[in-house]
Amino acid sequence: MSYYAGRALFYLLVVFIVVYSVFPFYWAVISSFKTSDALFSSNPSFLPTPFTLTHYQNVFSGAEFGRNLLNSLIVAGGATLICLVLGVMAAYALGRLRFPPKNAVLYIVLAMTMFPQVSVLSGMFVLLRETNLFNTHAGLILSYLLFTLPFTVWVLTGYFRGLPRELEEAAYVDGATPIQTLLKVMLPLTGPGLVTTGLLAFIAAWNEYLFALTFTIGNNVRTVPVAIASFGGATPFEIPWGSIMAASVVVTVPLVILVLIFQQRIVAGLTAGAVKG
Amino acid sequence: MLTLRQMRLAWLLVLPTLLVVAFVAGYPLAQVFYYSFHRADISFVEPTEFVGFKNYLFLLQDPDFRGALWNTLRFTVVSVFLETVLGLAIALVIHSNFKGRGIVRAAILIPWAIPTVVSAKMWQWMLNDIYGVINVILVNTGLVANKIAFLANPNTVLWAMVAVDVWKTTPFMALLLLAGLQLIPSDIYEAADIDGASRWQQFWTLTLPLLTPALVVALIFRTLDALRVFDVIFVMVGVNTATRSLAIYNRQTLIDFQDLGYGSAISVAILVIIFIFVVLYMRVAGRGVRGED
């Protein structure tokens, strides 16, 4: 009796956790499919009835949102690619090779993850103006390396360190140079690590708001988070909630799908990065 | 022979990363320090002028800075506390064996995967004073008589921010704590069962002490994140004295007021505050680890 009561309570708790986690996203999704009349009702339905795709058509009718999506892809993709290439090189050296100031380098990289973006905002602003990279994709990519690169180096160093020594030694015995060993033996083994860290870096860059808001003007470079935050109606009193929710769903669904597919790896990557820090 | 070649290679491989670090972190940081001792405007129309500690002296007397600091501290303490309690509860639930555990683990990752700006917009809609679903639920269940303007009322708006932040970041906390729980060997619980310890006693005398290292790491991460809160508040309520955090005040000074000198001084102050928290945590963590030996 008390066993079943306990079990029932436990499952109630489980249901509560799931509803708490998922409901806001569910509400955004169904809001994006509701007609404006149904959205602005004092007794809203918990199902998307009546169903409409108007808000999605509105979001994509102008060229702007498509442009924002493309900008986000360029910036987040560029930052991810660069930090993976640099990160693999640095992490191989830090995880596999012996050289004197190795720990100092690791601490510098770790310290970078500690300081807040806002505290370099003015300095980064000055840097981007001096290099004429203000309001360019390249400028955003460069500024995003501030938080994607240290994380990538840190996590990949852990991956390289975890690989078995024998493989490397066998390669050396066969006469391979360290570079050949890195490219032909070690790199394929870090494939899963690369996917995880790449994905985490991509998500961080895709979601970034402060730099994107401050270092871009106009729609040519503006990324999706900035666009969504500044979505306005004709007047401050007419906030187009349906369109905002549709745009939100468009940028979030791919992320949620990716995260659910790579669930195990992401949890491992997150906790590895954090617990070692 | 090999070691010398290895060293050269290592340097070659690390160099690009170090250059990027110097360029995107070192140089901007040096600029921030430089301008914090100057009077300067960010459009560089006015000439930059050395003013010594004037910006810092102003900061000490600035009621807006104090207000932002107070908001940030309240936000940080309350949200990190709630996240820790909720995160621990969720971690304990997912750690135990039950049908559908995989689904629950996937479900709690969803808030983490949603961009902060998007979650801010989602909650802004849900907290809408007239059409928001939260008000509808509260009124229909009879919990409140009249709908509440959560985001317009200075007494509720900061706590609404906390609620959104807790929703968004509890999953991360839960995952870190789950990783910590999985490191605890299960046979010590069997021994405790034989000794007749209750579940509650086991939690306090075994789980919590063994979980401390993971807990400290998670606390450091989340505290540092909460101290630099920007997106949630800025997107949901903009620059508003009731919710203005240090990061928001910093950007407002730099961009809206164009004050590069004073804004840089605020940046340095934020760095110092974060540094104080890091040192504090390291001390506590260090003592905790020594205590276990």
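Residues numbered from 1 in each chain as written. Chains lettered and ligands numbered in written order. Predicted model: local features only at pLDDT ≥ 70, side-chain atom pairs only at ≥ 80, totals over all residues. Heavy atoms only, no water.

Draft legend 1. Local environment of the layout of surface pockets. Residue and element names in this part refer to chain B. Considering only enclosed or pocket space, the second largest pocket measures out at about 1,100 Å³ in volume. Leu92, Ser96, Arg199, Phe203 and Thr207 are, among the 26 residues lining the second largest pocket, the residues nearest its centre. Considering each element in turn, the lining of the second largest pocket owes the most residues, 6 residues, to helix H9 (residues 199-227). A class-by-class count of the residues in the lining of the second largest pocket yields 14 nonpolar, 8 polar and 4 charged. (1 Å grid on protein atoms, 1.4 Å probe; cavity = no way out; pocket = protein on both sides within 12 Å on 5 of 7 lines; lining within 4 Å. Points joined across faces, edges and corners; volume = space filled by probe spheres on them. Helix = DSSP H or I, 4+ residues; strand = E, 2+ residues; numbered from the N terminus. Nonpolar A, V, L, I, M, F, W, Y, C, P; charged D, E, K, R; others polar.)

Draft legend 2. Focus on unusual backbone geometry. Residue and element names in this part refer to chain A. The phi angle at Asn132 is positive, at roughly 60°, despite the residue not being glycine. In this structure, Asn132 sits in the loop between helix H6 (121-130) and helix H7 (137-162). What makes Asn132 exposed here is its relative accessible area of 64%. Located in the positive-phi region is Asn135, a residue other than glycine, with phi close to 60°. Mapped onto the elements, Asn135 comes out in the loop between H6 and H7. (Buried < 20%, exposed > 50% of the residue type's maximum accessible area, 1.4 Å probe, protein only.)

Draft legend 3. Focus on the pattern of salt bridges. Residues and elements named next belong to chain B. Summed over all chains, the structure comprises 7 salt bridges over all chains. A salt bridge links Arg39 to Glu49, with the shortest nitrogen-to-oxygen separation between them at 3.3 Å. With a gap of 10 residues between them, Arg39 in strand E1 (residues 38-39) and Glu49 in strand E2 (residues 49-50) connect regions that are remote in the sequence. Through salt bridges with shared partners, a single ionic network connects Glu83, Asp165, Arg222, Asp225 and Arg228. (Salt bridge = Lys/Arg side-chain N within 4 Å of Asp/Glu carboxyl O.)

Draft legend 4. Looking closely at the packing of helix H4 (residues 64-96) of chain A against helix H9 (residues 178-189) of chain A. Residues and elements named next belong to chain A. Packing of H4 against H9 brings their axes to within 12 Å, and their N-to-C directions diverge by 100°. In terms of orientation, H4 lies roughly perpendicular with respect to H9. Of the residues in H9, those in contact with Val88, Tyr92 and Arg96 of H4 are Pro178, Thr181, Leu182, Met186 and Leu187. Class assignment of the residues belonging to the contact of H4 with H9 gives a composition of 6 nonpolar, 1 polar and 1 charged. (Axes fitted to C-alpha atoms, helices over the stretch in contact; angles between N-to-C directions. Parallel < 35°, antiparallel > 145°, perpendicular 65-115°, else oblique. Contact = heavy atoms within 4.5 Å.)

Draft legend 5. Seen up close, the interface of chain A and chain B. Facing the 91 residues of chain A at the interface are 87 residues of chain B. Our count for the chain A to chain B interface comes out at 0 salt bridges. Take the side of chain A that touches chain B: its biggest share by element is 16 residues, from helix H1 (residues 2-32) of chain A. Of the residues belonging to the side of chain A that touches chain B, the class tally is 69 nonpolar, 18 polar and 4 charged.

Draft legend 6. Inspection of the environment of Pro164(A) at higher detail. All names here are of chain A. Mapped onto the fold, Pro164 is located in the loop between H7 and helix H8 (165-173). Classification of Pro164 as partly exposed rests on a relative accessible area of 38%. Residues Pro164 and Met186, spaced 22 residues apart in sequence, show a C-alpha to C-alpha distance of 9.7 Å.

Draft legend 7. View of empty space enclosed by the protein. Inspection of the entire model under this criterion finds 1 cavity of 30 Å³ or more. Size it by volume and the largest cavity reaches roughly 40 Å³. Looking at the largest cavity, the residues that line it are Tyr20(A), Ser21(A), Ile90(B), Ile108(B), Pro111(B), Trp167(B), Thr170(B) and Pro171(B). Contributing elements (two or more residues each) for the lining of the largest cavity: H1 of chain A together with helix H4 (101-113) and helix H7 (157-182) of chain B. At 3 residues, the largest contribution of residues to the lining of the largest cavity is made by H7(B). Split into classes, the residues belonging to the lining of the largest cavity amount to 6 nonpolar, 2 polar and no charged.

Draft legend 8. Broad picture of the packing of aromatic side chains. Residue and element names in this part refer to chain A. Under the defined criterion, the tally for this structure stands at 36 aromatic pairs over all chains. Judged by centre distance (5.4 Å) and plane angle (45°), the rings of Tyr144 and Phe147 are tilted. A residue pair is termed a helical-turn pair when its members lie 3 or 4 positions apart in one helix, as Tyr144 and Phe147 do in helix H7 at 3 residues. On the accessibility criterion, Tyr144 (0% relative accessible area) is buried. An aromatic cluster of three or more residues is present, and its members are Phe23, Tyr26, Trp27 and Phe46. (Phe/Tyr/Trp six-rings, centres within 6.5 Å; stacked < 30°, edge-to-face > 60°.)

Draft legend 9. Structural detail: the confidence of the model for chain B. All names here are of chain B. Considering every residue of chain B, the mean pLDDT works out to 88; 96% of them sit at 70 or more. Ranking the helices and strands of chain B by mean pLDDT puts helix H3 (residues 63-95) first, with 95, and helix H12 (residues 260-292) last, with 81. For residues 289-293, every residue scores under 50 in pLDDT, and the model assigns this stretch 3 contacts once sequence neighbours within four places are set aside. The ipTM value of the predicted complex is 0.90, and its pTM value is 0.90. (pLDDT = per-residue confidence, 0-100.)

Draft legend 10. Fine view of the nonpolar core. Ranked by size, the top nonpolar core spans 190 residues in total, and within it Leu146(A), Tyr209(A), Phe211(A), Ile228(A), Trp112(B), Met161(B) and Met236(B) carry the most contacts. It is H7(B) that contributes the most residues to this core, 16 residues altogether. Residue contacts for Ile228(A): discarding those within four places in its chain leaves Phe65(A), Ile244(A), Ala247(A), Ser248(A), Val251(A), Val117(B), Val118(B) and Lys121(B). (Core = buried A, V, L, I, M, F, W, Y, C linked by side-chain atoms within 4.5 Å.)

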